[in-house]
Amino acid sequence: MSPIEVVLIVLVVLVVAAAVPAIWVASRRRALRTRFGPEYDRVVAEQQSRSAAEQELRERERRHAELTLTPLSAESRQRYAADWEEIQARFVDSPAEAVGAADELVTRLIAERGYPVGEYDEQLAHLSVEHARTLTHYRDAHEIQLRNERGEASTEQLRQAVVHYRALFADLLGEDPVRQHSDQHPDGTRPDTPQDVPSR
């Protein structure tokens, strides 16, 4: 084997050795992006570096794996769906109370599924592993509920809060909480649901 061939082989080995870690890192990054969706970008923006953000997301996965999550029974799903319909009906006359009830119902569902419900930020971190795509809805709903508690939320904001809560609620429930009725719109809403209540 000539010296040139030896040099070429060594160069190829070095290139491959350098490429393998890069491919591994890219593969892990792609897996995190796929799993966390928009939450990946949010955490990257909040952290000092991409590697720190990815470490945070992997830590979330580790903590999530320690949870004992419980699937809902058919009876539980029916009960939650009925409770949700009651909240939407209540919105027409008492929007502020309905939003408070929606927050309580979602919190109860989160707890029954096996997620911690103490610290809000910790709750978000745990939910982000399997429900990252609806987490923005939950954040928005929570912000409106805080304004609602201070008496500062408009009817339109309250309507939006119920819509946001419904997104996470349906994700956790595993189905749309609004049963089909003959007088519903094609998107599953009825004329008296929060999606159609005008702002005051």
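Keep in mind it's a predicted model, so treat the numbers as computed, not measured. (Residues numbered from 1 in each chain as written. Predicted model: local features only at pLDDT ≥ 70, side-chain atom pairs only at ≥ 80, totals over all residues. Heavy atoms only, no water.)

Enquirer: Hey, could you run me through the overall build of the protein in this one?
Expert: Counting its regular elements, the protein contains eight helices and zero strands. Order of helices (α) and strands (β) in the protein, N terminus to C terminus: α-α-α-α-α-α-α-α. The buried share among the 200 residues of the protein stands at 38%. Residue pairs in contact within the protein that sit at least 24 positions apart in sequence constitute 61% of those at least 6 positions apart. Surface summary for the protein: the accessible area is close to 11,200 Å², and the carbon and sulfur share equals 54%. (Helix = DSSP H or I, 4+ residues; strand = E, 2+ residues; numbered from the N terminus. Buried < 20%, exposed > 50% of the residue type's maximum accessible area, 1.4 Å probe, protein only. Contact = heavy atoms within 4.5 Å. Areas by Shrake-Rupley, 256 points an atom, 1.4 Å probe, with all protein chains shown as cover.)

Enquirer: I keep staring at the packing of helix α7 (residues 135-149) against helix α8 (residues 155-173) and nothing clicks. Help me out?
Expert: What describes two packed helices is the angle between their axes and the distance between those same axes. Running from N to C, α7 and α8 point in directions that differ by 140°, and their axes come no closer than 8 Å. Considering only the axes of α7 and α8, their crossing is left-handed. Along its contact with α7, which presents His 137, Tyr 138, Asp 140, Ala 141, His 142, Ile 144, Gln 145, Arg 147 and Asn 148, the element α8 presents Gln 157, Leu 158, Gln 160, Ala 161, His 164, Tyr 165, Ala 167 and Leu 168. (Axes fitted to C-alpha atoms, helices over the stretch in contact; angles between N-to-C directions. Left-handed = near helix turned anticlockwise from the far one by under 90°.)

Enquirer: Explanation requested: α7 in the structure shown.
Expert: In this model α7 runs 21 Å from its N-terminal to its C-terminal C-alpha over 15 residues, within 8% of the 21 Å that 1.5 Å per residue would give. Of all the positions in α7, only Leu 135, Tyr 138, Arg 139, Ala 141, His 142, Ile 144, Gln 145 and Asn 148 are classed as buried. Positive phi appears at Gly 151, one or two residues downstream of α7, with a value of about 75°. (Expected span 1.5 Å × (residues − 1).)

Enquirer: Which parts of the structure should I look at to understand the packing of helix α5 (residues 95-113) against α7?
Expert: Close contact between α5 and α7 brings their axes to 10 Å; oriented N to C, the two are set at 135°. With respect to α7, the element α5 is oriented oblique. For the pair α5 and α7, the crossing hand works out as left-handed. Two secondary-structure elements touch here, α5 through Ala 96, Val 99, Gly 100, Asp 103, Val 106, Thr 107 and Ile 110 and α7 through Tyr 138, Gln 145 and Asn 148. (Parallel < 35°, antiparallel > 145°, perpendicular 65-115°, else oblique.)

Enquirer: Please explain a nonpolar patch on the surface as it appears in this structure.
Expert: Among the surface-exposed residues, Met 1, Ile 4, Val 6, Val 7, Leu 8, Ile 9, Val 10, Leu 11, Val 13 and Leu 14 lie close enough to one another that they form a single nonpolar patch of about 980 Å² accessible area. Along the chain, Leu 14 turns up in helix α1 (residues 3-36). In this structure Leu 14 comes out as exposed when scored by relative accessible area, which is 52%. (Patch = residues over 30% accessible without salt bridge, like charges linked within 9 Å, V, L, I, M, F, W, Y side chains within 5 Å. Salt bridge = Lys/Arg side-chain N within 4 Å of Asp/Glu carboxyl O.)

Enquirer: Can you help me understand the pattern of salt bridges in this one?
Expert: Side chains bearing opposite charge may pair, as long as their charged atoms lie close to each other. Under the defined criterion, the tally for this structure stands at 14 salt bridges. The salt bridge involving Glu 66 is made with Arg 62; its shortest N-O contact spans 2.6 Å. Judged by relative accessible area, Glu 66 falls into the exposed class, the value being 55%. Residue Arg 62 is classed as partly exposed on the basis of its relative accessible area, which comes to 40%. In this structure, Arg 150 and Glu 152 form a salt bridge, with 3.1 Å as the shortest nitrogen-oxygen distance.

Enquirer: When you look at a negative patch on the surface in this model, what are you seeing that I'm missing?
Expert: On the surface, Glu 46, Glu 119, Asp 121 and Glu 122 cluster together into a patch of negative charge. Along the chain, Glu 122 turns up in helix α6 (residues 120-131). (Lys, Arg positive; Asp, Glu negative; His and termini not counted. Charge placed at Lys NZ, Arg CZ, Asp CG, Glu CD.)

Enquirer: Would you mind showing me how to read the nonpolar core here?
Expert: Here is a general trend for soluble globular proteins: nonpolar side chains tend to be buried in one another's company. Ranked by size, the top nonpolar core spans 30 residues in total, and within it Trp 84, Ile 110, Leu 127, Tyr 138, Tyr 165 and Phe 169 carry the most contacts. Mapped by element, the contributors of at least two residues to this core are α4 (74-91), α5, α6, α7 and α8. Ignoring anything within four residues of it in the chain, the contact list for Ile 110 reads Tyr 115, Pro 116, Val 117, Gln 123, Leu 127, Tyr 138, Leu 168 and Leu 172. (Core = buried A, V, L, I, M, F, W, Y, C linked by side-chain atoms within 4.5 Å.)

Enquirer: Where do I start with the side chain of Arg 113 in this structure?
Expert: Its place among the elements puts Arg 113 in helix α5. Within the buried core, Arg 113 has no salt-bridge partner, and the shortest N-O distance to an opposite charge, that of Glu 130, equals 4.8 Å.

Enquirer: In this structure, what is going on with the confidence of the model for the protein? I would like to understand it.
Expert: Note that predicted coordinates carrying low pLDDT should not be read in detail. On average, residues of the protein score 84 in pLDDT, and 83% of them are at 70 or above. Looking over the protein, one finds the lowest element-wise mean pLDDT in α1, namely 74, and the highest in α5, namely 96. Of the regions scoring below 50 in pLDDT, residues 180-193 engages in 24 contacts with residues more than four places distant in sequence or in other chains. Long-range and interchain partners of residues 196-200, a stretch whose pLDDT sits below 50, account for 16 contacts in this model, where long-range means more than four residues apart. (pLDDT = per-residue confidence, 0-100.)

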